[in-house]
Amino acid sequence: MAILVTGGAGYIGSHTCVELLNAGYEIVVLDNFSNSEPDVIRRIKELTGKDFPVAAVNLLHAPDVSRVFAENEIEAVIHFAGLKAVGESVAKPLEYYHNNVTGTLTLLGAMREFGCKRIVFSSSATVYGADNKAPFKETDPLPAAASNPYGTTKLVIENILRDLCVSEEGWSAVLLRYFNPVGAHKSGLLGERPKGVPNNLVPFISQVAAGRREYLNIFGSDYDTPDGTCIRDYLHVVDLAKGHLKALEYKGAGAEAINLGTGRGYSVLEVLAAYEKACGRKLPSRQAERRPGDIAESCADASKALKLLGWRAELGLDEMCADAWNYEKNNI
Ligand code: NAD
Ligand code: UFG
């Protein structure tokens, strides 16, 4: 019996594959490599010394997805595959809804066809709205739509999974709401490699440190926070990967939303300072306008993950930055 990892060649998926293989799970990776490189698969195999089947399949192609289930005995699915660029989703809403929502429906159809009823889904802290107050709790009321189509795909998919679990006995869906995953594998072999200009803070700082960008724009310095810059709950991608193993072990039925974050927030300036410590020098930055859609503070109430899954983040901001820099240096 194997775990199907959709999007297993991506940033979070690849780290999770390593943890799964090291823990003795058999895996099958499904990825169309639209936002990842096939070489990541070789690196996962090199790191773990284990082999596994890889299906270069687009989730939107139902017959191909069914074939993966027909050819492998899949006991559960970890579903990472999706498009994730917030700005791009505003420009291309149809592509985002189609890829993320239709892709998930196709996957769930194949799971039902083959009697596989356990799924762990990559949701996001983006499902919480501007009206929620940090720290966010899973019981907080959610908005009908997020501030961008990407975020709304996560809300829609959470609802689909909830409805599915109500409709038929035996389904189990863990909706993992990630906060801000950063960092990389200690080896320097796996990490985040955004195409084009990075949208996210730590990948952007990494490129400034590597000399690929001139300076960091600090989006907004007049927020109602101690130093005026936005606060986020950053968590190490390896801690996040381990959270998926805990979610697989979870035996509850039905749909369960669970935050994965540290519960501790850091400002943009604090992250920059930690990265400067990691790379050993000052990095150029400039104050810039606020970025539309940003909220002052996003931080998890992480108590449910501890109570239900026995999971808590172990690695701190210094390790996140040190590992992000180590990956950047090794892969310039
Ligand atoms: P990623 O882009 O690195 O990985 C996603 C993978 O899915 C890629 O390898 C891509 O090729 C694949 N994929 C996309 N569409 C596909 C399709 N139709 N068929 C097959 N494969 C497809 O992203 P990531 O950062 O690893 O994120 C993984 C999941 O976690 C995503 O669903 C994302 O929305 C969610 N998430 C990410 C973050 C973050 O900050 N990275 C935060 C919250 C939630
Ligand atoms: N920031 C800068 N300069 C940059 C990039 C970011 O100052 O060049 C600031 C942002 O304004 C924000 C903070 O750094 O205040 C963090 O920004 P990120 O883009 O790294 O993270 P977000 O919290 O905005 O969003 C991320 C993902 C979303 C996801 C959300 C919650 O991009 O997809 O985390 O998981 F939904």
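Given the structure is predicted, the values throughout are model-derived calculations rather than measurements.

Asks: Just to check I follow, could you spell out unusual backbone geometry for this structure?
Replies: Excluding glycine, a negative phi dihedral is what most residues carry, and trans is how most peptide bonds are arranged. Following alanine 134, the chain continues into proline 135 via a peptide bond in cis, with omega recorded as 0°. Tracing the chain through its elements places proline 135 in the loop between β5 (118-124) and α6 (149-167). Even without a glycine there, the phi angle at phenylalanine 33 is positive, about 60°. Looking at phenylalanine 33, the relative accessible area reads 18%, which means it is buried.

Asks: Honestly, the site of ligand 2 in this entry has me stumped. Any pointers?
Replies: In the region of ligand 2, 22 residues are neighbours, and Phe179, Asn200, Asn217, Arg232 and Asp294 sit closest. In this structure, asparagine 200 approaches ligand 2 through a side-chain N or O atom, which is 2.7 Å from an oxygen atom. Measuring from an oxygen atom of ligand 2, one finds a side-chain N or O atom of arginine 232 at 2.7 Å. Contributing elements (two or more residues each) for the shell around ligand 2: α7 (201-209) and β8 (216-219). In terms of residue count, the dominant contributor to the shell around ligand 2 is β8 (four residues). Split by residue class, the shell around ligand 2 holds 13 nonpolar, six polar and three charged.

Asks: Where do I start with the sheet that holds strand β3 (residues 54-55) in this structure?
Replies: Hydrogen bonds between backbone groups are what pair the strands of a sheet, and the pairing can be parallel or antiparallel. Here we have seven strands laid out as an open sheet, ordered β3-β2-β1-β4-β5-β6-β11, and parallel in their pairing. Because the sheet does not close on itself, it has two edges, and the strands there are β3 and β11 (254-260). The sheet contact formed by β5 and strand β6 (residues 172-178) spans seven bridges and is parallel. Pairing of serine 123 across the sheet is with arginine 177, part of β6.

Asks: Teacher, can you tell me more about the packing of helix α3 (residues 62-71) against helix α5 (residues 93-113) here?
Replies: For any two helices packed against each other, one specifies the inter-axial angle together with the distance between the axes. One way to put it is that α3 packs onto α5 with a least axis distance of 9 Å and a crossing angle of 40°. If you check the angle between α3 and α5, you find them oblique. The handedness of the crossing between α3 and α5 comes out as right-handed. Residues Ala62, Val65, Ser66 and Phe69 of α3 touch α5, and the partners they reach there are Thr106, Leu107, Ala110, Met111 and Glu113. Class assignment for the residues of the contact of α3 with α5 results in six nonpolar, two polar and one charged.

Asks: How do you make sense of the packing of α7 against helix α9 (residues 268-279) when you look at a structure like this?
Replies: Look at α7 against α9: their axes get within 11 Å of each other, and the N-to-C directions meet at 40°. Our classification of the angle between α7 and α9 gives oblique. The way α7 lies across α9 gives a crossing that is right-handed. Contacts between α7 and α9 pair Leu201, Val202, Ile205, Ser206 and Ala209 from the former with Val268, Val271, Leu272, Tyr275 and Cys279 from the latter. Here the residues of the contact of α7 with α9 sort into nine nonpolar, one polar and no charged.

Scoring rules and cut-offs
- Residues numbered from 1 in each chain as written.
- Chains lettered and ligands numbered in written order.
- Predicted model: local features only at pLDDT ≥ 70, side-chain atom pairs only at ≥ 80, totals over all residues.
- Heavy atoms only, no water.
- Helix = DSSP H or I, 4+ residues; strand = E, 2+ residues; numbered from the N terminus.
- Buried < 20%, exposed > 50% of the residue type's maximum accessible area, 1.4 Å probe, protein only.
- Near = heavy atom within 4 Å.
- Polar contact = N/O pair within 3.5 Å; in protein donor to acceptor, adjacent residues only side chain to side chain.
- Nonpolar A, V, L, I, M, F, W, Y, C, P; charged D, E, K, R; others polar.
- Pairing = 2+ DSSP bridges.
- Axes fitted to C-alpha atoms, helices over the stretch in contact; angles between N-to-C directions.
- Parallel < 35°, antiparallel > 145°, perpendicular 65-115°, else oblique.
- Left-handed = near helix turned anticlockwise from the far one by under 90°.
- Contact = heavy atoms within 4.5 Å.

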